[in-house]
Amino acid sequence: MAGEDNVNMLLDDTAPESPDLPTDEDMTLAVSEEDDMVSVKRQGSAKSPAPDAKRLKLEEGSQETGIAMETIQTVQTEPTAPLAVAAVAEEEDSSHAALGDQFQNLLRVFYNRLFPFGEFYRWLSYGAVEPTYFAKREWSFTLASDVYMRFQSFSTADDLKQEILRLCPVKIDIGAVYNLAPKDKKSVLPGAFTPLERELVFDIDMTDYDDVRTCCSGGDICLKCWDFMTIAIKVLHRALTDDFGFKHLLWVYSGRRGVHCWVADERARKLSFETRSSIVSCLSFATGAAVDKDDGGSDDEYVTRAQDDAYNRNTKVNAKQAPALILEDSEEENDSGDDTRRKAVKREPRSGDDDSEDDDGRGKRNGKSSHQNRRKRPEEVDEEESDVDDLPPGRVPPPFHYSLARAQKVLLKHFKQTILKAQEVLATQPRWNKILAMVPDVELRSRLDAEWAKTAAGSSVSKWAQLVHVLRQSKTCVNTEREIMFRLTYPRLDANVSMGLNHLLKSPFCVHPKTGRVCVPIDPKKCGSFNPLTVPSLQGLIGELNDTRGKTAAGDGSEGKLLRLPYFERTSLAPHIEYFRSFLYEMDQEIKAKRRQEDADKMKKREMSRMEEKENARNKRDLTF
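Residues numbered from 1 in each chain as written. Predicted model: local features only at pLDDT ≥ 70, side-chain atom pairs only at ≥ 80, totals over all residues. Heavy atoms only, no water.

**Side note on unusual backbone geometry**
A negative phi holds for most residues other than glycine; trans holds for most peptide bonds. Its identity is not glycine, yet Ala128 carries a phi of approximately 50°, on the positive side. Examined against the element boundaries, Ala128 turns out to sit in the loop between helix H3 (117-125) and strand S5 (137-142). On the basis of relative accessibility, which here comes to 46%, the residue Ala128 falls in the partly exposed class. The backbone phi angle of Phe151 is positive, close to 60°, even though this residue is not glycine. Residue position: Phe151 is located in strand S6 (residues 147-152). Classification of Phe151 as buried rests on a relative accessible area of 7%. (Helix = DSSP H or I, 4+ residues; strand = E, 2+ residues; numbered from the N terminus. Buried < 20%, exposed > 50% of the residue type's maximum accessible area, 1.4 Å probe, protein only.)

**Topic: the packing of helix H5 (residues 227-243) against helix H11 (residues 402-422)**
Where H5 contacts H11, the two axes come as close as 10 Å, and the packing angle between them is 165°. With respect to H11, the element H5 is oriented roughly antiparallel. Crossing of H5 over H11 shows right-handed handedness. Contacts from Asp227, Phe228, Thr230, Ile231, Lys234, Val235, Arg238, Asp242 and Asp243 in H5 reach Tyr402, Ser403, Arg406, Ala407, Val410, Leu411, His414, Thr418 and Ile419 in H11. (Axes fitted to C-alpha atoms, helices over the stretch in contact; angles between N-to-C directions. Parallel < 35°, antiparallel > 145°, perpendicular 65-115°, else oblique. Left-handed = near helix turned anticlockwise from the far one by under 90°. Contact = heavy atoms within 4.5 Å.)

**Observations concerning helix H14 (residues 460-471)**
Along its 12 residues, H14 runs 16 Å from first to last C-alpha, staying within 8% of the 16 Å computed at 1.5 Å per residue. Of all 12 residues that make up H14, 12 are buried, and the element is covered over most of its length. Here H14 has its buried residues at Ser460, Val461, Ser462, Lys463, Trp464, Ala465, Gln466, Leu467, Val468, His469, Val470 and Leu471. Those residues of H14 that are buried are in contact with H11, helix H12 (429-436), helix H13 (442-454) and helix H15 (480-489). (Expected span 1.5 Å × (residues − 1).)

**A look at the pattern of salt bridges**
Counted by the stated rule, this structure contains 22 salt bridges. As a salt-bridge pair, Arg406 and Asp243 come within 2.3 Å of each other at their nearest N and O atoms. Residue Arg406 is found in helix H11, and its partner Asp243 is found in helix H5; the two are separated by 163 residues along the sequence. A residue is classified by how much of its surface remains accessible, and Arg406, at 5% relative accessible area, is buried. In this structure, Glu451 and Arg447 form a salt bridge, with 3.7 Å as the shortest nitrogen-oxygen distance. Here Glu451 pairs with Arg447, and both are found in helix H13, just 4 residues apart, close to one helical turn. Residue Glu451 is classed as partly exposed on the basis of its relative accessible area of 30%. When salt bridges that share partners are traced, they join Glu119, Glu578 and Arg581 into one network. (Salt bridge = Lys/Arg side-chain N within 4 Å of Asp/Glu carboxyl O.)

**Structural notes on the packing of H11 against H14**
Contact pair H11 / H14: the axes reach a minimum separation of 8 Å and the direction vectors enclose 120°. Overall, the two elements H11 and H14 adopt an arrangement that is oblique. Between H11, through Phe415, Lys416, Leu420 and Lys421, and H14, the contact on the second element is made entirely by Ser460, Val461 and Trp464. Residue classes in the contact of H11 with H14 are distributed as 4 nonpolar, 1 polar and 2 charged. (Nonpolar A, V, L, I, M, F, W, Y, C, P; charged D, E, K, R; others polar.)

**Points about the nonpolar core**
Core analysis: the largest hydrophobic core is formed by 125 residues, its most contacted members being Phe110, Trp123, Trp139, Phe202 and Leu467. Broken down by element, this core gets its largest block of residues, 9 residues, from H5. One finds Phe151, Ala176, Leu180 and Phe193 within the second-largest nonpolar core, a separate group that totals 5 residues. (Core = buried A, V, L, I, M, F, W, Y, C linked by side-chain atoms within 4.5 Å.)

**Examining the environment of Lys409**
By the secondary structure assignment, Lys409 is in helix H11. Since its relative accessible area comes to 6%, Lys409 is described here as buried.

Rendered as structure tokens:
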């Protein structure tokens with residue numbers, strides 16, 4: 001009861017009255033054709049044939065596929081269980097964790113005190129590029145009763161806040177900017193309501209790596225497999241900034257098992273479907289087609305499918321080949337992501353070349369004697385020193401696109417620790433058979449499988465060193481080492497999220513209903529130290545607000561200072577909102593610079609027009625004389 005009293009103390013007296021929350025009674029849902037809402041009507045007497053079928057979606061443009069729908073889809077869900085905020089993940093088949101009155105009260109305090117509505121208006125209005133730009137943005141809400149509402153729109157940040165406080169949604173999604181306010185879409189003829197702009201967004205989900213990670217599966221995550229998200233952020237951030245020239249990227253933790261990226265540049269928002277598809281295709285170099293762990297397929301079946309021609313075509317690494325050039329960096333690359341100047345240098349690959357290629361992609365003399373440079377036989381490779389960079393190449397693979405070359409530097413830095421040590425992908429025979437299935441040489445696969453089966457005690461690091469050694473000596477496996485590395489570690493994108501203009505994506509700073517964690521931004525320069533298990537949670541933030549109220553009531557001398565602080569600065573959410581504000585500041589500076597340039601161009605044009613008018617008047621007077 002004390003916890004409920006603290007929550008009630010934090011609720012604003014001026015906040016709108018909360019609606020009646022759905023109970024566990026049987027309910028039927030009636031569709032209102034006025035505003036795409038689903039109103040709840042209690043019927044205590046009539047029983048539903050499927051009592052646990054409570055999730056209903058109402059959408060005229062499907063969130064997952066973008067296909068127009070006029071029907072209501074019923075999804076079977078398991079009965080809800082108590083919310084576990086500290087849990088890594090809940091069961092996949094449950095629709096949401098149980099959202100009782102207490103959770104709804106906590107969520108309402110969060111929206112009222114901590115959610116950055118003003119910053120959201122700054123972000124999504126883009127400096128008021130046009131007066132009604134924010135009003136044409138689509139919002140969607142998922143309520144605690146699993147009622148899904150699309151095509152909501154608001155003119156101001158205050159309107160948005162009042163509606164969110166009234167509905168208290170457990171999930172908020174952001175959509176595209178349309179040619180008119182989404183709430184007015186029924187006022188026009190079908191087909192006249194179309195999306196115009198949307199940020200270029202990317203969605204990376206940990207479940208797409210279930211064929212690689214061995215520590216967790218499904219919605220579960222740990223720090224071992226979170227390295228896949230770190231790799232994805234590093235690779236994609238560099239590609240989007242260096243290759244495509246985008247500047248304003250906002251990386252956001254999804255609240256559970258993935259990350260999202262919002263590219264907010266003006267030219268990114270105006271990209272067509274075709275251009276977005278091309279960008280996604282360019283960034284999707286590795287596409288997996290592994291057998292699902294839950295589909296009943298055996299490991300032998302996985303190998304059989306992997307050896308099939310259709311499988312090899314579907315899982316091919318799209319490494320764009322370039323002319324016989326390699327790239328050299330004029331200065332050492334650092335982890336902060338600073339750009340380095342590069343130049344193309346002609347080089348003829350030589351068999352038996354003593355130059356070893358380090359993780360920066362530059363050929364160097366290793367400074368060792370000929371005896372030290374002698375290649376060790378596979379059985380001589382020591383586990384501690386068995387690393388791909390310690391083995392001089394036998395056959396140099398053809399150089400490929402510079403974007404992939406830069407991505408490979410990141411993959412090399414993480415491959416040994418993430419794939420070999422953390423995931424132990426070569427520890428057991430079922431695991432190493434999946435890796436060997438990517439080797440095109442059948443005889444080589446069989447030989448390594450037999451050798452590793454005899455010495456199963458060897459580590460994944462030593463087995464990988466042996467595999468690399470034999471691959472570099474084979475004429476048919478020149479690219480296999482690089483292809484395996486890209487298949488296992490390269491970012492895996494949800495293409496539909498990025499390509500479709502009408503696809504929605506979860507809003508930053510909303511609370512994930514299954515974990516209670518806040519979807520906070522991630523600094524790409526510090527993504528290596530980001531811990532998804534320690535981000536601010538709903539219960540933790542409300543507890544921090546209560547602590548500050550207790551200190552103020554105790555009269556320890558800091559009352560005035562605490563009361564002058566904004567609510568978010570009294571919690572662990574402060575650094576994340578400050579980072580979001582720095583993202584907005586950089587974007588605002590570019591918008592202001594563009595407007596100043598446009599104003600200067602207009603003034604120059606007007607001045608030239610006045611000078612031209614004076615010259616014409618002077619010529620006219622001369623003609624009269």
